Amino acid sequence: MAAVCALLLTAAGCGSGGDDGKGGHAPDTLGKGEGEVNIIAWAGYAEDGSNDPEVDWVHPFEKKTGCQVHTKTAGTSDEMVSLMKTGQYDTVSASGDATLRLIASGDAAPVNTKLVPHYKDIFPALKQQPFNSRDGRMYGIPHGRGANLLMYRTDKVRPAPDSWRAVFDDAARYDGHVTAYDSPIYIADAALYLMRAEPSLGIKNPYALDRKQLDAAVALLKKQHKAVGEYWSDYQKEITAFKGGDSVIGTTWQVIANLTRDEKAPVKAVLPKEGATGWSDTWMVSSKADHPNCAYKWLDWIVSPKVNAQVAEYFGEAPSNRKACAETSDPDHCAVFHADDEKYFRRVHFWTTPIKQCLDGRKNTDCTDYAQWTRAWTEVKG
């Protein structure tokens, strides 16, 4: 772990976790619940009925376990990493652009999957992945997954695009009406496109970029920037932009496409021929958790079939529990979100934190890390 920590040169640094006797190791057994659990979650992952009385899986959990839930909603992966470093939270729903940072810094503890009974029903393709494990140990429980798709207005974009070229090399066609995800991890989208558009660069993994490859991705993003009308991180804003015509083409999530169509906007979302980036979120346990027993109870609850189905439908993603598909209110949900379509997800490169040690297997080359990507993203946006 010390070696990984040295490789992951994040601005926040390493070493805030460890063997402090408060969760640094995966427990062998669980004790009685501590009566509460402090959670960091994406919006829509820990609903208690306050947003919609019909959407509540928090109060049933509290009633069943006696663990009162205190939720902090985070807007970005960077915020989640910062909050976990405070030691005030027990568990977090981390995306792949945060998980390795939390592992390397010691802020996340390995998880004993034997203490999470529903782990056995998680889709095998979500287990032991580079973004949620280290040295054969799981550092969390997979929650759900989805792809970052290309969405366009069918009345403004013709012919129908089938390549990311539409928002990169051809972005000027839609000057001022292109949109893109507002995060350093979006650099991987440019790198993914360059894997096929400029094979001479030798990019094999969009999260493993040496200096030359990162410079090429940044140059492409600067070119795109001239045509971007708005960068988004709040999906409600993207819905509004596509509905009003301020945006006509750009990256999106399946749930955004669905909701935008519900607003009567003429949009379509596709997985381009190059594939796509995407997310697979993981519930991680803090190495300094004050309430580890309640945290483990939450992990098992949130991936239980019925609850995992509820979250997947409310948020708009593929569930991680294969039995959840039988519990969705919409019988077509898992088909729409490709829950058990591994051929589809083999074309998706899930968010992974870039680190100095090249994730594509190169041994004699230093790759750029997340801190360098963060500086590069600031440069792209001016």
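Residues numbered from 1 in each chain as written. Predicted model: local features only at pLDDT ≥ 70, side-chain atom pairs only at ≥ 80, totals over all residues. Heavy atoms only, no water.

K.L.:
An account of the environment of Asp189 is needed here, citing residue identities and associated values.
P.N.:
On the secondary structure map, Asp189 appears in helix H5 (residues 187-197). Expressed as a C-alpha distance, the spacing of Asp189 and Gly275, which sit 86 residues apart in the sequence, is 9.7 Å. (Helix = DSSP H or I, 4+ residues; strand = E, 2+ residues; numbered from the N terminus.)

K.L.:
Please provide a residue-by-residue account of the state of the cysteines, values included.
P.N.:
Applying the stated rule across the entire model yields three disulfides. One disulfide bridge connects Cys67 with Cys294, the sulfur atoms lying 2.0 Å from each other. Between Cys67 and Cys294, the disulfide has an S-S torsion of -80° and is therefore left-handed. Taken together, the residues Cys67 in the loop between helix H2 (58-65) and strand S2 (68-73) and Cys294 in helix H9 (residues 292-302) connect sequence positions 227 residues apart. What makes Cys67 buried here is its relative accessible area of 0%. With relative accessibility at 0%, the residue Cys294 sits in the buried group. (Disulfide = S-S within 2.5 Å. Buried < 20%, exposed > 50% of the residue type's maximum accessible area, 1.4 Å probe, protein only.)

K.L.:
Summarise the pairing of strand S13 (residues 276-286); cite the residues concerned and give the values.
P.N.:
Summarising burial for S13: 11 of the 11 residues are buried, a large majority. Relative to S13, strand S3 (residues 91-94) runs antiparallel, the two sharing four bridges. The partner of Thr91 across the bridge, within S13, is Val285. Strand direction decides the pairing type here: strand S4 (residues 108-109) and S13, joined by two bridges, are antiparallel. (Pairing = 2+ DSSP bridges.)

K.L.:
Summarise the packing of helix H7 (residues 235-244) against helix H8 (residues 254-262); cite the residues concerned and give the values.
P.N.:
As a packed pair, H7 and H8 sit with axes 9 Å apart at the nearest point and diverge in direction by 45°. Classified by the angle their axes make, H7 and H8 are oblique. The hand of the H7/H8 crossing is right-handed. Taking contact as the criterion, the partners of Tyr235, Glu238, Ile239 and Phe242 in H7 are, on H8, Ile256, Leu259 and Thr260. (Axes fitted to C-alpha atoms, helices over the stretch in contact; angles between N-to-C directions. Parallel < 35°, antiparallel > 145°, perpendicular 65-115°, else oblique. Left-handed = near helix turned anticlockwise from the far one by under 90°. Contact = heavy atoms within 4.5 Å.)

K.L.:
Kindly report on the layout of surface pockets, identifying the contributing residues and their values.
P.N.:
Computed from the structure, the largest pocket encloses a volume of approximately 410 Å³. In this structure, the largest pocket is lined by 24 residues; those nearest its centre are Trp42, Gly75, Tyr181, Ser233 and Trp253. At the level of secondary structure, the elements contributing two or more residues to the lining of the largest pocket comprise helix H3 (77-85), H7 and S13. One number sums up the size of the second largest pocket: a volume of about 280 Å³. (1 Å grid on protein atoms, 1.4 Å probe; cavity = no way out; pocket = protein on both sides within 12 Å on 5 of 7 lines; lining within 4 Å. Points joined across faces, edges and corners; volume = space filled by probe spheres on them.)

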